[in-house]
Amino acid sequence: MIVEIVSPEATLFSGEVTSVAVPGVNGEFQMLNNHAPIVSLLVKGNVKIVGSNIKIAKEFAAKFNKVNDQTFWLPINSGTIEMNDNKIIVLAD
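Throughout this document, residue positions are counted from 1 along each chain, in the order its sequence is written. Note on the predicted model: pLDDT of at least 70 is required for a residue's local features to be given, and 80 or more for side-chain atom pairs to be given and counted; whole-chain, interface and lining totals, by contrast, use all residues. Side-chain calculation: all heavy atoms of the structure are included, whereas hydrogens and water are not.

## Overview of the environment of isoleucine 56
We count it as follows: Helix and strand assignments come from DSSP, with helices taken as H or I runs of at least 4 residues and strands as E runs of at least 2, each series counted from the N terminus. In this scheme, a residue with accessible area under 20% of its type's maximum is buried, one over 50% is exposed, and one in between is partly exposed, where area comes from a 1.4 Å probe on protein chains only. Contacts between residues were defined by any pair of non-hydrogen atoms, one from each residue, lying within 4.5 Å.
Here isoleucine 56 is to be found in the loop between strand E6 (45-50) and strand E7 (65-68). Here isoleucine 56 falls in the buried class, since its relative accessible area comes to 18%. In sequence terms isoleucine 56 and serine 14 are 42 residues apart; their C-alpha atoms lie 8.5 Å from each other. Once you skip the residues sitting within four places of it in the chain, isoleucine 56 turns out to touch Phe13, Ile49, Ala61, Phe64 and Phe72.

Shown next as structure tokens:
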């Protein structure tokens, strides 16, 4: 599935991933391939992306915490997420 993480300044990440976990208002939840369509508000926490070939642009690498070659965390204060047709858009602040 494709994920785009967009901040007010720029698109921080756009690429293929195997899972995304986000801090929803009712707790963290995860989306995998073919997840049902969803729109949700996000609260302060970490957006976790997992994939086999994640490439973070050099200019945004400092914003992400690298767990290993396949897992990255992005701290956010708030945001919105939409998933539809295997495409996830995270609007993060």
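## Some details on unusual backbone geometry
With a phi close to 65 degrees, asparagine 34 is a non-glycine residue in the positive phi region. Mapped onto the elements, asparagine 34 comes out in the loop between strand E4 (27-32) and strand E5 (38-42). Overall, asparagine 34 belongs to the exposed group, its relative accessible area being 61%. The residue aspartate 85 is not glycine, and still its phi comes out positive at about 50 degrees. With respect to the helices and strands, the residue aspartate 85 is situated in the loop between strand E9 (79-84) and strand E10 (87-92).

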